[in-house]
Each structure stands twice: as structure tokens, then as C-alpha cells.
Amino acid sequence: MAQLTQPFTFKNLTLKNKIVMAPMCQYSVDAKDGIPNDWHFVHYTSRAVGGAGLILVEMTDVDPDGRITDYDLGLWSDEHIPAYKKIVDAVHKQGAKIGIQIAHAGRKGEDANPPVAPSAIPVTKDDKMPRALTTEEVQKTVQQFQDAAKRAVKAGFDTIELHGAHGYLIHQFHSPGINQREDKYGQELSLFGVQIIHAVKAVIPEDMPLLMRISAVEYMDGGYDIDHALEIAKKYQAAGVDMLHISSGGEAPPGKQKPATHPGYQVPFARRFKEELDIPVIAVGILEDPLLAEAVIGNGDADLVAIGRGMLKDPYWAIRASEQLGDTMEPARQYKRAYPKK
Ligand SMILES: Cc1cc2nc3c(=O)[nH]c(=O)nc-3n(C[C@H](O)[C@H](O)[C@H](O)COP(=O)(O)O)c2cc1C
């Protein structure tokens, strides 16, 4: 029996299988107001129809200037809540669970004038020069994460993922190369992330797991290695993170330490976090061959497998994977006639 398609329970989150839709920015908020529209509704609901156990809504920003572009989703106002609730309810109807990745782009904000960052260091010399946040502004940003988390709970999300990867603001703070501050947020690189975790945990239900995505290694020359990421992640775990989602890079143009991008290239990172932190881990990165995804779970490298581009190509990836693994995932009632054996 395939393991990928077996249920998974952690705290109050019970998934019907171990397949996660990876968060993927759609840059589709045409009204530039951060509110999800028909595109987002169809995009997420169809992956729930397609059998994914957990859908992670794309990077959703806690402040208008925390967007990568003005077309990003946002959660900086109560006016955002009803449109998310509509998606959450539709996804639940299909028996899937849904989380939202909350974030701030920091110096990677393309439309912010200027973008903000821990320090006035641009991504490259051709990018906008960011303005360093004052200590008070850093504290205000922590509050914005808390407010966004409250709204996510109100919208009915089953879990929240903090985006601490890919060179966005939380990552920028725990990166020795990017955070050159002289205040307490520069002395303790994990402090910003730890404060966000405390703030978010204080407003979400006690039994709701808090996820965090982290880059296991940086790709830029002189970037941090996995030992640094493990040290930071241990602090995040102590602060209350319940599950880690292991990605890599994204902070700046890659240098010599960029890993080759073959199938499963980030799985060894996921395994290392699983071994050293002893909390559930999500693996991601070119895992769209169902046999490979099954091997990741079967070998105990990770607890869940996230699929990104594979699900952009095929919203029914999960059902198709289960068929290939010889399993019997239930399709939506309306589609059963296409699967005569079921
Ligand atoms: C179109 C697109 C948008 C993405 N946006 C996000 C995002 O919002 N947040 C995030 O953490 N990763 C984002 N990613 C990275 C994916 O979540 C995933 O980690 C990556 O695509 C590798 O998985 P895959 O090989 O299954 O696609 C994005 C990837 C793609 C292709």
C-alpha cells in the first residue's frame, strides 16, 4: 500500500494524504488591493478537487509594501477576510485542508518605494536600494504578522506557514550577509523570527500547528550553510514552530554553492532537519514523479511532500499519483464516471 496516500495527523491537523500543494505566487490580483479574486478561487479549489491533502496558499503579505509586486495577495486588512473564507470553505468541501503562507518581501519588494530591509543592502547593485527599518518599525512588522494571523484564523484556515525562506524579510533577518544591524535584531539574528512566532502563536488556536518555510542553505557567495540554518531553526522550534518546510536559496543571485537542481535535490536537507530537530518536515523540489515522492515518505526523509510546478501542470496530480502507485484515492463524486474502477 502506498504511504504517500495515507492520512497524516499532527496536533489538530488531519490530512487525508501526505500530498501538499506548495505555495506559488500567482501575481494575479489585478485590482492591486491584495484581495483574492476568481482566479485564486478556481486555482486553489481545483487542486482540492484534484485530491491534494493540504493546499498552501501563496505568499500573502502583511503590509502593502511587503508585497513582491502590487499583484500579490495580502492580509493587511479585515476587508481581505471574506474572499479567503470563500476559498477555504470550497476547499473544505472537497475534504482537503488549507493553510496560508504569510510573509513580507522586505528588500525583494519590486514595487515598494523604497522597499524596506534589515539593512540598506540591495539584492544586487541593479535593484532598488532598500531603507533599513528602525527598531520601532521592526516591532510594528511583528505586530503586522500577528494581525494577519488573526485574520487567517477568522477566515477559517487550518494552519499558517511563516515564510522564512527564499530571501524574504524573515530570511533577511536571520542571514548574516544581509542583516548588518547594530541593534538587538542584528545581535541576535533569530530575534525577529522568534518574536513573530511568539506573536502568531499567541493568537492562533493552541492545537493549530504553525509551519515555517526556511532556506536550508543560501546560494550567494559567502551565504550561510546548513549548520547556520539548523541553529536558527532550533531557536524557531523552541519559540513554537511545529513543522518545517525545507527549501533553499532565493536571497540573491546564486554563486558557487548553488546545488544542482536534479529531482529531489532538497530532500537531503529535509532529512537533516528531521534528524536534528525531531519535528515533522515537508520536503519540496522536483518531486513530481510519484515514485520519487513515495520514496521520500517511505524512506522517512520527510513526513509530507509538497508539489509545486507539477500541480501547475496538472491540478489532478494527487489522484493521478495515487493511480500510478496502485492506490484508490476517491475522486470528486461528480467525476467518478471517469474512474470506472472506483
Ligand atoms: C510560479 C511559482 C511561484 C512560487 N511562489 C512561491 C511562494 O509564494 N512562496 C514560496 O515559498 N515558494 C514559492 N515558489 C516555490 C515553490 O513553492 C516550490 O518550492 C518550488 O517550485 C519547487 O517545487 P517544485 O519543483 O515542485 O515546483 C514558487 C514557485 C513557482 C513555480
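In this report, we go over the structure that sits alongside the text. (Residues numbered from 1 in each chain as written. Predicted model: local features only at pLDDT ≥ 70, side-chain atom pairs only at ≥ 80, totals over all residues. Heavy atoms only, no water.)

Right, let's get into the pattern of salt bridges. Summed over the entire model, instances satisfying the criterion amount to 17 salt bridges. With a shortest N-O distance of 3.3 Å, Lys 11 and Asp 242 are connected by a salt bridge. Here Lys 11, found in the loop between β1 (8-10) and β2 (13-15), pairs with Asp 242, found in the loop between α7 (226-239) and β11 (243-247); they are 231 residues apart in sequence, far enough to count as distant. Looking at Lys 11, the relative accessible area reads 37%, which means it is partly exposed. The partner of Asp 242 in a salt bridge is Lys 201, with the nearest N and O atoms 2.8 Å apart. Taken as a pair, Asp 242 in the loop between α7 and β11 and Lys 201 in helix α6 (residues 191-201) lie far apart in primary sequence, 41 residues in all. Through salt bridges with shared partners, a single network forms among Asp 227, Lys 234, Arg 272 and Glu 276. (Salt bridge = Lys/Arg side-chain N within 4 Å of Asp/Glu carboxyl O. Helix = DSSP H or I, 4+ residues; strand = E, 2+ residues; numbered from the N terminus. Buried < 20%, exposed > 50% of the residue type's maximum accessible area, 1.4 Å probe, protein only.)

Once that is clear, we can look at the environment of Glu 218. One can find Glu 218 in the loop between β10 (210-215) and α7. Under the relative-accessibility criterion, Glu 218 is labelled buried at 0%. Taking the C-alpha atoms as reference points, Glu 218 and Ala 252, 34 residues apart in sequence, are found 8.4 Å from one another. Residues within four places of Glu 218 in sequence aside, it is in contact with His 171, Ser 175, Ile 178, Gly 223, Tyr 224, Gly 249, Glu 251 and Gln 257. Of the polar contacts made by the side chain of Glu 218, one reaches the side chain of His 171; its length is 2.7 Å. Engagement of the side chain of Glu 218 in a polar contact is seen with the side chain of Ser 175, the distance being 2.8 Å. (Contact = heavy atoms within 4.5 Å. Polar contact = N/O pair within 3.5 Å; in protein donor to acceptor, adjacent residues only side chain to side chain.)

Most of β11 sits out of view: 5 of its 5 residues are buried. Here β11 shows two buried faces, one formed by Met 243, His 245 and Ser 247 and the other by Leu 244 and Ile 246. What joins β10 to β11 is α7, and the crossover it makes is right-handed. With 3 bridges joining them, β11 and strand β12 (residues 281-284) adopt parallel strand pairing. (Right-handed = clockwise from strand over helix to strand, strands pointing away. Pairing = 2+ DSSP bridges.)

Cis geometry is found at the peptide bond from Asn 113 to Pro 114, where omega equals -5°. Secondary-structure assignment places Pro 114 in the loop between β6 (97-103) and β7 (116-117). The phi dihedral of Lys 11 is positive, around 50°, even though this residue is not glycine. The residue His 166 is not glycine, and still its phi comes out positive at about 55°. Among the residues examined, His 166 registers a relative accessible area of 18% and is labelled buried.

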